[in-house]
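# Notes for the structure review
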Amino acid sequence: MLADQQVVIGIDIEPELMFLISNDSNNRLQVESPSDDRSVADSAIITASGGTLACHAGSTPTKPLPHPAVTDSPLARYLQAVASRGEEALAEPFDPVLGRKMIEAAIDPADPVRTLLLFQNVLAASRGSISYPFAADPVNAGPDRDDIEDADAQLVKPRALQMVNRVFIVHNGTEGAMSLHNADAWKVTPASQSKRRESGSAGVRRDPIALDLLRHHGWDRTLRQTTSPFP
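A short tour of the structure in this document, coming up. All values reported here derive from a predicted model rather than from experimental measurement.

### Quick notes on the overall build of the chain
When you go through the chain residue by residue, the secondary structure sums to six helices and seven strands. Long-range contacts, defined as pairs at least 24 residues apart, comprise 55% of the intrachain contacts of the chain with a sequence gap of at least 6. About 16200 Å² of surface is accessible on the chain, with carbon and sulfur atoms providing 55% of the total.

Structure below.
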């Protein structure tokens, strides 16, 4: 295209490499313009948007994340550090040494509350999709437990949770730890029902634990208002 235009205007055109970042980018980081005694890496973050940057200061119920915010914070600092070396550095491969350094820097023993907030997972229920997380006593799942369809029937002391929950992943055997599960009311299509019957399974699965949890949140088998069996 440039060659064609050169012929038309009679002027040699030398393309210039530039990084253009739109305000509509899915993941976007904006920082203050560095002063004389500061670099981009030390500048304050004005705003950060997107699924992997928005929670650089900690997770919030308004920003559902599939991961702890501790990954957002180091990534924001990593991008700042790389950008401080110039635009060309943004095209370089990921530096795992620098990335690990940023993760370690996010852990602040002097501020344990902020550190914990970065490691939390926000687990929220959804009335629109009829999906509610709940807790039970820890399940020591073995290598063959994941594919057992009736594993939920073995749950011990299932109990309802609130609509929005802060969750921390801990080591197996931690005192007070619990296993997390989900109670859902999914729409089963006729094709799915037929396939389940052909395989010998019930056309519709009605788990008694899930039904109790749904009743706790105001649903019953016919999706009418009902009373809760949980305190």
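### What to know about the environment of Asn-182
Position of Asn-182 relative to the elements: it lies in strand E7 (residues 179-184). Judged by relative accessible area, Asn-182 falls into the partly exposed class, the value being 37%. Here the alpha-carbon distance between Asn-182 and Ala-125, two residues 57 residues apart in the chain, equals 9.0 Å. Those residues in contact with Asn-182, other than ones at most four positions away along the chain, are Ser-131, Tyr-132, Pro-133 and Phe-134. One polar contact links Asn-182 to Ser-131, side chain to side chain, over a distance of 2.6 Å. There is a polar contact of 3.0 Å between the side chain of Asn-182 and the side chain of Asp-184.

### Notes on the sheet that holds strand E4 (residues 131-136)
Pairing within the open sheet is antiparallel, and its three strands lie in the order E5-E4-E7. Looking along the sheet, the strands with just one partner apiece sit at the ends: strand E5 (159-160) and E7. Judged from the two bridges that link them, E4 and E5 form a sheet pairing that is antiparallel. Along E5, the bridge assignment pairs Ala-135 with Arg-159. Strand contacts of helix H6 (residues 208-216): E4, E5 and E7, with the helix running at about 75 degrees to E7, the strand carrying the most contacts.

Conventions used here
Residues numbered from 1 in each chain as written. Predicted model: local features only at pLDDT ≥ 70, side-chain atom pairs only at ≥ 80, totals over all residues. Heavy atoms only, no water. Helix = DSSP H or I, 4+ residues; strand = E, 2+ residues; numbered from the N terminus. Contact = heavy atoms within 4.5 Å. Areas by Shrake-Rupley, 256 points an atom, 1.4 Å probe, with all protein chains shown as cover. Buried < 20%, exposed > 50% of the residue type's maximum accessible area, 1.4 Å probe, protein only. Polar contact = N/O pair within 3.5 Å; in protein donor to acceptor, adjacent residues only side chain to side chain. Pairing = 2+ DSSP bridges. Axes fitted to C-alpha atoms, helices over the stretch in contact; angles between N-to-C directions.

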